[in-house]
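Coordinates in review
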Amino acid sequence: QTVVTQEPSFSVSPGGVVTLTCGLSSGSVSTTNMPSWYQQTPGQAPRTLLYNTNSRSFGVPERFSGSILGNKAALTITGAQANDESDYYCVIYVGSGIWAFGGGTKLTVL
Amino acid sequence: EVQLVESGGGLVQPGGSLRLSCAASGFTLSTYWMSWVRQAPGKGLEWVANIRQDGNSIYYVDSVKGRFTISRDNAQNSLFLQMNSLRAEDTAVYYCARWAYDTLASWYYYDRWGQGTLVTVSS
């Protein structure tokens, strides 16, 4: 069974830089897996952030960027703001028509 | 304006059935892959199922295979999820979501989400 891994939690200071990652329990994440990133605040539907490694969805601020770092997909927030405090999820294509979300990262800005 | 509006959630006993609907508006449903994603209380997102534009290609997460059926009616701009043999662990908010396709990058991603409908499986 394929498990998509994310850091359960992360903390960043206002104005700071934080990188969240999305990996596979066995193997590497690459562009073949088409990773994309989503932000969710409590009680709200997810909001699309990034796709195509580093393409931002409409209205997403430039402080959000994406990359492939080694064997993982990565989401970097440069100049974190208080309203970036959210849960962040990646989803990847694992093959044979199957997709899987990571467990999510709870980001605290303090 | 693109909108996805889910309905049909509620309280159901274990072993029971429920049919979720997702009404799409503001775009042509027949040109998109569609999906159901769920989120158990206090837990993360879980991909549940995908259906191709013509309804002839369908995929499920292992935990719902044989119990859930995704379908669509493009003429009625609607997506459905028939859920049978429901279990307590199926309790979740169920989101309808649209897959976008970036043709230049050959990349699929979710670009629209509904607000979700809550399904509670409990006796």
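This write-up is about the structure you can find in this document.

Rules of the game
Residues numbered from 1 in each chain as written. Chains lettered and ligands numbered in written order. Predicted model: local features only at pLDDT ≥ 70, side-chain atom pairs only at ≥ 80, totals over all residues. Heavy atoms only, no water. Contact = heavy atoms within 4.5 Å. Buried area = accessible area lost by both parts, 1.4 Å probe. Salt bridge = Lys/Arg side-chain N within 4 Å of Asp/Glu carboxyl O. Polar contact = N/O pair within 3.5 Å; in protein donor to acceptor, adjacent residues only side chain to side chain. Helix = DSSP H or I, 4+ residues; strand = E, 2+ residues; numbered from the N terminus. Nonpolar A, V, L, I, M, F, W, Y, C, P; charged D, E, K, R; others polar. Pairing = 2+ DSSP bridges. Axes fitted to C-alpha atoms, helices over the stretch in contact; angles between N-to-C directions. Phe/Tyr/Trp six-rings, centres within 6.5 Å; stacked < 30°, edge-to-face > 60°. Buried < 20%, exposed > 50% of the residue type's maximum accessible area, 1.4 Å probe, protein only.

**Structural notes on the interface of chain A and chain B**
Every contact between the two is made by 21 residues of chain A and, on the other side, 23 residues of chain B. Buried surface at the junction of chain A and chain B, summed over both partners, amounts to about 1900 Å²; 65% is from carbon and sulfur atoms. At the boundary of chain A and chain B, one finds zero salt bridges. Connecting chain A to chain B are nine residue pairs in polar contact (both at pLDDT 80 or more). Within the residue set of the side of chain A that touches chain B, elements represented by two or more residues are β4 (36-40), β5 (47-51) and β10 (98-101) of chain A. Classifying every residue of the side of chain A that touches chain B gives 10 nonpolar, 11 polar and no charged.

**Observations concerning the side chain of Gln6 of chain A**
Residue and element names in this part refer to chain A. As for its placement among the helices and strands, Gln6 is situated in strand β1 (residues 4-6). For Gln6, the side chain forms a polar contact with the main-chain oxygen of Tyr88, separated by 3.0 Å. A distance of 3.1 Å separates the side chain of Gln6 from the backbone nitrogen of Cys90, its partner in a polar contact. Ignoring any residue separated from it by four or fewer positions in sequence, one finds Gln6 in contact with Thr21, Cys22, Trp37, Tyr88, Tyr89, Cys90, Gly102, Gly103, Gly104 and Thr105.

**Overview of the environment of Leu4 of chain B**
Here Leu4 of chain B shows up in strand β1 (residues 3-7). In contact with Leu4 of chain B, not counting residues within four places along its chain, are Cys22, Ala23, Ala24, Phe27, Met34, Cys96, Ala97, Arg98, Arg112, Trp113, Gly114 and Gln115 of chain B.

**Looking at the sheet that holds strand β3 (residues 18-25) of chain B**
All names here are of chain B. The four strands are arranged β1-β3-β8-β7 in an open sheet whose pairing can be described as antiparallel. Of all the strands in the sheet, just β1 and β7 (68-73) have a single pairing partner and so form its edges. The mean inter-strand angle of the sheet, taken between neighbouring strand axes irrespective of direction, is 15°. Pairing between β3 and strand β8 (residues 78-83): six bridges, direction antiparallel. Residue pairing for β8: Leu18 is matched across the bridge by Met83.

**Section: the packing of aromatic side chains**
With the rule as written, the count across this model stands at 14 aromatic pairs over all chains. Centre to centre, the rings of Tyr38 of chain A and Tyr110 of chain B are 6.0 Å apart; their planes meet at 65°, and the pair counts as edge-to-face. Of this pair, Tyr38 of chain A sits in strand β4 while Tyr110 of chain B is found in strand β10 (residues 107-113), placing the two residues in two different chains. With a relative accessible area of 0%, Tyr38 of chain A lands in the buried category.

**Some thoughts on the environment of Pro41 of chain B**
Residues and elements named next belong to chain B. Tracing the chain through its elements places Pro41 in the loop between β4 (34-39) and β5 (45-51). Residue classification places Pro41 among the exposed residues on the basis of a relative accessible area of 59%. Not counting residues within four places of it along the chain, the set of residues in contact with Pro41 comprises Thr91 and Ala92.

**Remarks on unusual backbone geometry**
Residues and elements named next belong to chain A. Positive phi, close to 65°, is recorded for Thr53, a residue that is not glycine. Residue position: Thr53 is located in the loop between β5 and β6 (55-56). The partly exposed category is assigned to Thr53, whose relative accessible area is 22%. The backbone of Ser96 sits at a positive phi, close to 55°, despite the residue not being glycine. Position of Ser96 relative to the elements: it lies in the loop between β9 (87-95) and β10. Using a relative accessible area of 66% as the deciding quantity, one classes Ser96 as exposed.

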